[in-house]
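Spelled out from the first residue to the last, the chains are:
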Amino acid sequence: MELTVKLAETNVTISLLGQAKKAIPLCNLYFRHFLHPDQKGDAEVVVSVLKKSNAGFPLREKAGSSIFEQLLPTEDVAAWLKKSPGYTEDFPISEKTISAFCLGGLLLFSPDTAAGRIYLLEEGPGCFKPLYRLLWMYFAQVLGERGGCFLHSAAVVKDEEGYLFMGDSGAGKSTFVKLCPEYEVLSDDGPIISRRDGEYRVYPSPYHQMDFERGLDKEVIQMSARVKGLYFLIKDDRVSLERISKKEAFSMILKRYIHFFPYLSAQAKSALFDHFFEVCYELPTYYLHFRRDQDVWKAIIGK
Amino acid sequence: MDFSQRFRANNNIILREEDDGAFLFDPKTGNLKYINRSAKDTFLLLNRETEVSQMIDHLFSLYSDVDREQIQKDVESFLMELVENRFISPCEGE
């Protein structure tokens, strides 16, 4: 069973095998605004359920804490998979393959072909819990190979231009977008940034914190906008803009604001290094101090 | 750390020069570091596989207002940091 998701200019096919087919309604819900009629996309990820019954899963455990996600040594993962009952060698693993664990699932990604393989390692109704994030990680890798990424930011389109408001969890991205009711919000957590025809554009993504039931408007799904400026959010008791050096903005983006950056291939990391270097030197970069009951746009447009 | 040996940048390390310094980036690990102008000068000497003592001499000629011992201390601590962050490695057995 397959479905294809359109992310920016890239179509990705998700193929669900065996028990994993039960995740179709979930995938249809997660990606309902982003489904594309094409049978085959530019890249494909295959999902199946595999019993994590044999010992020696190569996770580096930390005493007293459970692992949320972790990059794994591919060689060890390949050895572990070979011993797993029900494992079929249907995904070529090489030294370039990137392996990652997330919650109760495993993702293998081949940067050369952009093919992915997801194994859900827990049986039972809870086995689909990691799927949403594992697919996100996979999409990030596919986009990364094309020089794009999901950015920890809220993306707002005003007068056909995209404004990116960067912030970690709790920085106020979702609060901030509520201050922009008259403008289109492409995502309040993970819009896609991609270079197209020599300019950097922002696209909507299925990854956001906004009211999931309400989702995104149909017009917004089709939208993309040239990036106009980057603003790093700071909750404060007054609204103001503070210039930030290009160097500082660039360092912060690479170290903190690209979703799944450590999980990307060296080639993807290099491309994003180049792109954001260019972005930070071409576009205005500011700290935006804001409070929820004051108009921020006067300050932004005034600059 | 033995500073009588030479050091060199690891494969694929990207140096993006700026007016007042440079970014060092390792696409394998994703490590990013900004280095100031004198550190950039030091790093560029590394790429020419210069010995540490020669690097110190060269930097002393560039920054003669700084105490030579201070330059040596700074260079050694900079090299240690770069090794720890896997930007450079000692040229072993050469």
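Residues numbered from 1 in each chain as written. Chains lettered and ligands numbered in written order. Predicted model: local features only at pLDDT ≥ 70, side-chain atom pairs only at ≥ 80, totals over all residues. Heavy atoms only, no water.

Caption draft 1: Fine view of the interface of chain A and chain B. On the side of chain B, 12 residues touch chain A, which itself brings 14 residues to the contact. For the pair chain A and chain B, the summed buried area comes to about 1200 Å², and 66% of that belongs to carbon and sulfur atoms. Considering only the side of chain A, the residues that lose the most area to chain B are Lys247, Phe273 and Phe277 of chain A, jointly responsible for 43% of the buried surface there. At the junction of chain A with chain B, the criterion picks out two salt bridges. One can count five residue pairs in polar contact (both at pLDDT 80 or more) joining chain A with chain B. Of all the secondary structure elements, the ones that give two or more residues to the side of chain A that touches chain B are α6 (246–257) and α7 (266–282) of chain A. Among the elements that make up the side of chain A that touches chain B, the one with the highest residue count is α7 of chain A (seven residues). A breakdown of the residues in the side of chain A that touches chain B according to their chemical character gives seven nonpolar, three polar and four charged. (Contact = heavy atoms within 4.5 Å. Buried area = accessible area lost by both parts, 1.4 Å probe. Salt bridge = Lys/Arg side-chain N within 4 Å of Asp/Glu carboxyl O. Polar contact = N/O pair within 3.5 Å; in protein donor to acceptor, adjacent residues only side chain to side chain. Helix = DSSP H or I, 4+ residues; strand = E, 2+ residues; numbered from the N terminus. Nonpolar A, V, L, I, M, F, W, Y, C, P; charged D, E, K, R; others polar.)

Caption draft 2: Highlighting the pairing of strand β2 (residues 14–18) of chain B. Residues and elements named next belong to chain B. Pairing of β2 with strand β3 (residues 21–25) involves five bridges; the strand directions are antiparallel. By the bridge assignment for β3, Arg16 is matched with Phe23. Where β2 hands over to β3, the hairpin turn is made up of two residues, counted between the paired strands. (Pairing = 2+ DSSP bridges.)

Caption draft 3: Expanded view of helix α3 (residues 131–145) of chain A. All names here are of chain A. When the terminal C-alpha atoms of α3 are compared, their 21 Å separation across 15 residues agrees well with the 21 Å that a helix rising 1.5 Å per residue should span. Counting buried positions over the 15 residues of α3 gives 13, a clear majority of the element. One or two positions beyond α3, positive phi appears at Gly147, with a value near 80°. (Expected span 1.5 Å × (residues − 1). Buried < 20%, exposed > 50% of the residue type's maximum accessible area, 1.4 Å probe, protein only.)

Caption draft 4: The arrangement of the confidence of the model for chain A in detail. Summary statistics for chain A give a mean pLDDT of 91 and a share of 97% for residues scoring 70 or more. Mean pLDDT across the secondary structure elements of chain A bottoms out at helix α5 (residues 218–221) of chain A, with 79, and peaks at strand β9 (residues 149–150) of chain A, with 98. (pLDDT = per-residue confidence, 0-100.)

Caption draft 5: How the structure looks around the packing of helix α2 (residues 52–62) of chain B against helix α3 (residues 68–84) of chain B. Residues and elements named next belong to chain B. In contact at an axis separation of 10 Å, α2 and α3 are set at 130° when each is read in the N-to-C sense. Judged by the angle between their axes, α2 and α3 are oblique. Of the two elements, α2 crosses α3, and the hand of that crossing is right-handed. Of α3, the residues touching α2 (which contributes Val52, Ser53, Met55, Ile56, Asp57, Leu59 and Phe60) are Arg68, Ile71, Gln72, Val75 and Leu79. Taken together, the residues that form the contact of α2 with α3 break down as eight nonpolar, two polar and two charged. (Axes fitted to C-alpha atoms, helices over the stretch in contact; angles between N-to-C directions. Parallel < 35°, antiparallel > 145°, perpendicular 65-115°, else oblique. Left-handed = near helix turned anticlockwise from the far one by under 90°.)

Caption draft 6: Representation of the nonpolar core within the structure. Of all hydrophobic cores here, the largest spans 83 residues; its most connected members are Ile14, Leu135, Phe139, Leu151 and Phe276 of chain A. In terms of residues, this core owes the most to one element, α3 of chain A, which gives 10 residues. Among all residues touching Phe276 of chain A, those that are not within four sequence positions of it are Cys149, Leu151, Ile193, Phe250, Ile253, Leu254 and Ile258 of chain A. Residues Phe43, Leu46, Val75 and Leu79 of chain B belong to the second largest nonpolar core, which totals 21 residues. (Core = buried A, V, L, I, M, F, W, Y, C linked by side-chain atoms within 4.5 Å.)

Caption draft 7: Highlighting the sheet that holds β2 of chain B. The sheet built from three strands is open, its strands ordered β2-β3-β4 (chain B) with antiparallel pairing. Unpaired on one side and paired on the other, β2 and β4 (32–36) of chain B mark the two borders of the sheet. On average, each strand axis in the sheet is tilted by 20° relative to the strand beside it, whichever way the strands run. Running at roughly 155° to β4 of chain B, α6 of chain A makes contact with β2, β3 and β4 of chain B of the sheet. This element, α7 of chain A, spans β2, β3 and β4 of chain B of the sheet and lies at about 10° to β2 of chain B.

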